[in-house]
Structures are given as structure tokens and as C-alpha cells.
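What follows is the residue order along each chain.
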Amino acid sequence: HEETAHSFFSNGRLDLKKGYWEQESHILVAVTKEPRRIKIEITDPWGRPVAHLLLDGKAFTAVSFAERKVYVGEVTPKTISKVFPGQLDSLMIWDVLRAYPSLRPCHHTVSQRADEISLVDDHGKEIQILDLDPENLQPRLVSFPGLTTRLAFAGFREDGGILYAQEVKVIQGELNLTIHHEKIVFNKPIPKPIFTLEAPPGFETADLAALNKKRPLF
């Protein structure tokens, strides 16, 4: 299914929970695979902007409207972890937004338990573990040995022959981020101006590497 999605745009609801703390937002996403570009706009329930994020190749720009700051840096695991919850890399972000897990390059696969597939490297080390729904064999939980972040997928639908999950959850300890996809449109032209992000007037520019956050930027 993954190879058939070259671009997409979507909108939906974003729920962020940590312990008793909970926050709900709206999310608008536009993504192209080649070149790899990801634009995310997050607004509060009243439509006011919270954060705008742009990953364009190796360039990463994040606008925080609460702080009136524009953070600029490179796309690295360290900068990604400062903005997004959990231990996500750029491919995992694609999986969350695409609403379907992509398979990591591997040497072979094994199945040690019913309804579970492990992707293994040439040293016999597990790279990725997929827990499958026994009814339809769709991936419902994806984990990565060595990482504490897991991705959960539920409510699969199809658009133009492309499967996607209506609900995607990033699980990181007691922190849960859930995207409820209301609509995803695949492989339609996305205008280039969508993938621009200009600093609003009066916003300060700062180094993304210097960002120190206990919670995601949004």
C-alpha cells in the first residue's frame, strides 16, 4: 500500500494527553514523498493558530504563535524530538501522517507469535515489530526494539485503492498523541506555495537546536 501514496493532504483532530493534562487541536497536513516535504498547520478549537511546521528536505522550520518565535534548524532526530512527542524520526512522522506504517529495510522476516511479524537485519536483530489484527491482518501496533515509542493504527478505510487508518496514536510512556483523520486525499497535485513558511511580523527567529521543551511545541 505504501508505494501507491506519492502525496496527500488531510485534516483532522489532534489530541495530546499526558497524565491528567489534555489538549485538543485541529490539524491540517500536506505531504509529498519526492521531494520529501511535510507542512503541518495546527490550530486551537476556536481556529486560532498554535503552530506551523515545515520539513523541507533537511530544512526544519517551526513557528510557535504563543511564543511569537520562528525556530529554524536541520531535520535531525534531536530537533524532531524537540517539536514532536516521543522518539520519532522523519520516516515515523511520515507513517503517522500517512496513517499507515511503512516497512523498514530488512534482511528477512520472522513470526514468533500468532498475528505478529518481525523484520530482522542480517545479524538477526529485530528492527520493527508489527502486531496484526487477526480479522483483517491490518497492522494495529508497530514497535521498534530499542525505542520506547510505539505507533497504533485503527479504523482502516480505503481511498482510491489506498488504505489508511482513521485513527493513529503515538504512544510514549504516559504521553499519548492521537490524530483522528477526518479526510485524506491521496495523489492530487499540491501547489508549491503550500510548502512555504514565512515568519509573521514581529516574530523572533531562534535556533531550533536551542529549543527546550517538556511538551511538544503544539
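The rules behind the values
- Residues numbered from 1 in each chain as written.
- Predicted model: local features only at pLDDT ≥ 70, side-chain atom pairs only at ≥ 80, totals over all residues.
- Heavy atoms only, no water.
- Helix = DSSP H or I, 4+ residues; strand = E, 2+ residues; numbered from the N terminus.
- Rg over C-alpha atoms; globule rule 2.2 N^0.38 Å.
- Contact = heavy atoms within 4.5 Å.
- Areas by Shrake-Rupley, 256 points an atom, 1.4 Å probe, with all protein chains shown as cover.
- Lys, Arg positive; Asp, Glu negative; His and termini not counted.
- Charge placed at Lys NZ, Arg CZ, Asp CG, Glu CD.
- Salt bridge = Lys/Arg side-chain N within 4 Å of Asp/Glu carboxyl O.
- Buried < 20%, exposed > 50% of the residue type's maximum accessible area, 1.4 Å probe, protein only.
- Polar contact = N/O pair within 3.5 Å; in protein donor to acceptor, adjacent residues only side chain to side chain.
- Core = buried A, V, L, I, M, F, W, Y, C linked by side-chain atoms within 4.5 Å.
- pLDDT = per-residue confidence, 0-100.
- Pairing = 2+ DSSP bridges.

A. Region of interest: the overall build of the chain. Assigned secondary structure in the chain consists of two helices and 14 strands. In summary, the chain has a C-alpha radius of gyration of 17 Å against a globular reference of 17 Å for 218 residues, a match within 12%. Referenced to the eigenvectors of the C-alpha coordinate spread, the extents of the chain come out at roughly 55 × 35 × 35 Å. Residue pairs in contact within the chain that sit at least 24 positions apart in sequence constitute 47% of those at least 6 positions apart. On the chain, roughly 11,500 Å² of surface is accessible, and the fraction owed to carbon and sulfur atoms is 51%. Looking at the chain, you have 27 positive and 29 negative side-chain charges, and the mean spots of the two groups are 5 Å apart.

B. Just unusual backbone geometry, in detail. In this chain, E34 is followed by P35 through a cis amide linkage whose omega measures -5 degrees. Summarising the element assignment, P35 is placed in the loop between β2 (21–32) and β3 (37–43). Even without being a glycine, L137 presents a positive backbone phi close to 60 degrees. Secondary-structure assignment places L137 in the loop between β9 (126–132) and β10 (139–143).

C. Molecular detail of the pattern of salt bridges. The final tally for this structure, using the stated rule, is six salt bridges. In this structure, K39 and E41 form a salt bridge, with 3.5 Å as the shortest nitrogen-oxygen distance. Looking at K39, the relative accessible area reads 7%, which means it is buried. With a shortest N-O distance of 2.7 Å, R48 and D44 are connected by a salt bridge. Residues joined by salt bridges that share partners form a network here, namely R13, D15 and E24.

D. Layout of the environment of S111. Counting through the fold element by element, S111 comes out in the loop between β7 (108–110) and β8 (116–120). Spatially, the C-alpha atom of S111 lies 9.4 Å from that of I129, the residues being 18 residues apart in sequence. A polar side-chain atom of S111 sits 2.8 Å from the main-chain carbonyl oxygen of E116.

E. Region of interest: the nonpolar core. Counting residues in each nonpolar core, the largest one holds 49 residues, and the members touching the most others are I40, V83, F84, L97 and F218. Not counting residues within four places of it along the chain, the set of residues in contact with I40 comprises I27, L28, V29, A51, H52, L53, F84 and L97.

F. Quick peek at the confidence of the model for the chain. Per-chain confidence: the chain averages 89 in pLDDT, with 96% of residues scoring 70 or above. The secondary-structure element of the chain with the lowest mean pLDDT is β7, recorded at 75, while β3 shows the highest, at 96.

G. Main features of helix α2 (residues 90–98). Buried residues dominate α2, accounting for seven of its nine residues. All buried positions along α2 are accounted for by M92, I93, W94, D95, V96, L97 and R98. Two or three places before L91, at the start of α2, stands the capping residue D89, its side-chain oxygen 3.2 Å from that residue's backbone nitrogen. In the segment just after α2, A99 is the residue with positive phi, at about 65 degrees.

H. Spotlight on the pairing of strand β4 (residues 49–56). A large share of β4 lies buried, amounting to six of its eight residues. Sheet topology note: the β3/β4 ladder contains seven bridges and is antiparallel. If you follow R37 over to β4, its bridge partner there is D56. A loop of five residues connects β3 with β4, the two strands running antiparallel in sequence, and G47 in this loop sits at a positive phi of about 90 degrees. With six bridges joining them, β4 and strand β5 (residues 59–64) adopt antiparallel strand pairing. Considered in β5, the bridge of L54 is made with T61. Hairpin connection, β4 to β5: the antiparallel pair is bridged by two residues, and G57 has positive phi, about 65 degrees.

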